[in-house]
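Fold and contact review
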Amino acid sequence: MGPMTDTRRTRVAIACQGGGSHTAFTAGVLKGLLGSEELAGYEVVGVSGTSGGAICALLAWSALLEDDPAAAGRRLEDFWADNSATTPLEQLVNAWVVWAARLENLVVLPAVSPYDNPGSVTALAELRRMLERRVDFGRFAAQADGAGPMLLIGAVDVLSGEFRAFNSRREAITAEMMLASAAIPTLFRSVRVGDGTYWDGLFSQNPPVRELVDSRPDELWVIQINPRRWDGEPTTMAEIADRRNELSGNLSLHQELGFIEKIDQLLAEGRLAADGRYKQIVVRVVELARPRLSRSLGTASKLNRDPAFLRDLIAHGEARAAEFLAALAFEAAWRRGDAKAVLACFADDAELVSAPPFPDRGSLRGRSQIGRFVRQHLTTGLHVDPTRKQVAHDRVTWTVKAFRDGAAAGEPVLGRAEAELRDGRVTSLRLGG
């Protein structure tokens, strides 16, 4: 059932993947989501993040604690404006850093230890000041009573090798914890928190998901920075370095999401008792789309603080959030079986293409043809499978199931639906294998 048809608000946890400057995209997504009217149908019960994603999660969480989710957008924009290279000297340094990072990927430039670079200490101190200008860490106490959303910040103890998720339900969140999550070892020295010596959380859970499930969400929304797919085989050293960075950044996330999806499927099949210990969690992923920014989004650009670059990423995140919310409304109407509401989600010039294993109707255009398919098939015989994640990147993709004659008893036929959206309307919907 769609979230707006239930008197109880849908409980949502948001996980923010880390990725340096690319997490300006996360800032845009959070601004778009938390500042939307649609959020009234949801209760954000947890937020997690790693590295740059942790900073975005912290700023959003602080606004949620004050019951002012729209303030998250202002704080996120202010932080990224503050973090951008605006003066001529900063722009010169930024250009050199990105250039050096690209050369390092080509294995032609020796790396310099942050322990031999006094600027690493200055940079970490400046990051602390930027955070403290927007967040009063002295106000945070451990949420032992469970009041307010949970915040998880990912880091790794470089000496013990243990992954750590600093948890607002168990301890007060401090500036040191944020610096620990952001301490990229090639740029910054390690950060001490208690008895631990911490490096960037990208080496651990990126982002923390396992403990986030303790907030008992109905849905998990993941803001993913590292694209899943790569078109064509990486062949140059730069492409190989970029793809290796993306794959390593996605490793822990895919493992944890795969575990959640498996539990969902076991619950749906009745092979795991829904006795309160386990519950079905709908996983939705909002992914940074590579094609639009392919020439500028390499590993080195995760260090790029150019103002125009960061503003473009924030705007891209806001646009992706709007498409994501429109897709949620479309899915809610579809799952309710409300043919009229589904048809209202289509643009006037929309196209619907249906191919096996679903009804083979070819290309349908216009409301009249699409309306008949919606009434006869989409809202009656085709169903979104909530046990498999929905992904929003350049298109929004769902796993779809249907029962048809000839299939094994009780076993659905699985396929995929891909929707393209523009201005809040579905412009193309493709159904097939």
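Everything discussed here concerns the structure shown above.
Residues numbered from 1 in each chain as written. Predicted model: local features only at pLDDT ≥ 70, side-chain atom pairs only at ≥ 80, totals over all residues. Heavy atoms only, no water.

1. Things to note about unusual backbone geometry
Residue P357 is reached from P356 by a cis peptide bond, and omega for that bond is 15°. Take P357: it is sitting in the loop between β9 (346-354) and β10 (362-365). Even without being glycine, R216 reaches a positive phi, approximately 60°. Summarising the element assignment, R216 is placed in the loop between β6 (196-200) and β7 (219-224). (Helix = DSSP H or I, 4+ residues; strand = E, 2+ residues; numbered from the N terminus.)

2. A short note on helix α10 (residues 366-378)
Between its first and last C-alpha, α10 extends only 16 Å over 13 residues, short of the 18 Å set by a 1.5 Å rise per residue. Of the surrounding secondary structure, the elements contacted by the buried residues of α10 are α8 (307-336), α9 (339-344), β9, β10, β11 (382-384) and β15 (425-432). (Expected span 1.5 Å × (residues − 1). Contact = heavy atoms within 4.5 Å.)

3. Examining the nonpolar core
L58, F330, W334, F346, L378 and W398 are the most contacted members of the largest nonpolar core, which totals 96 residues. Residue contributions to this core peak at 13 residues, all from α8. Contact partners of L378, with chain neighbours within four places excluded, come to F330, W334, V342, F373, L429 and L431. Membership of the second largest hydrophobic core comes to 16 residues, among which are A13, A15, L212 and V222. (Core = buried A, V, L, I, M, F, W, Y, C linked by side-chain atoms within 4.5 Å. Buried < 20%, exposed > 50% of the residue type's maximum accessible area, 1.4 Å probe, protein only.)

4. Here we look at the pairing of strand β13 (residues 396-402)
For β13, the tally of buried residues reaches 6 of 7 residues, placing the bulk of the element in the interior. In terms of strand pairing, β11 meets β13 through 3 bridges, oriented antiparallel. Paired with L382 across the strands is A402, a residue of β13. Taken together, the 2 bridges between strand β12 (residues 390-392) and β13 define a ladder with antiparallel strand orientation. Looking at the pairing, V391 lines up with T397 of β13. Linking two consecutive strands that pair antiparallel, namely β12 and β13, is a turn of 3 residues. Where β13 and strand β14 (residues 413-422) come together, 7 bridges link them in antiparallel fashion. (Pairing = 2+ DSSP bridges.)

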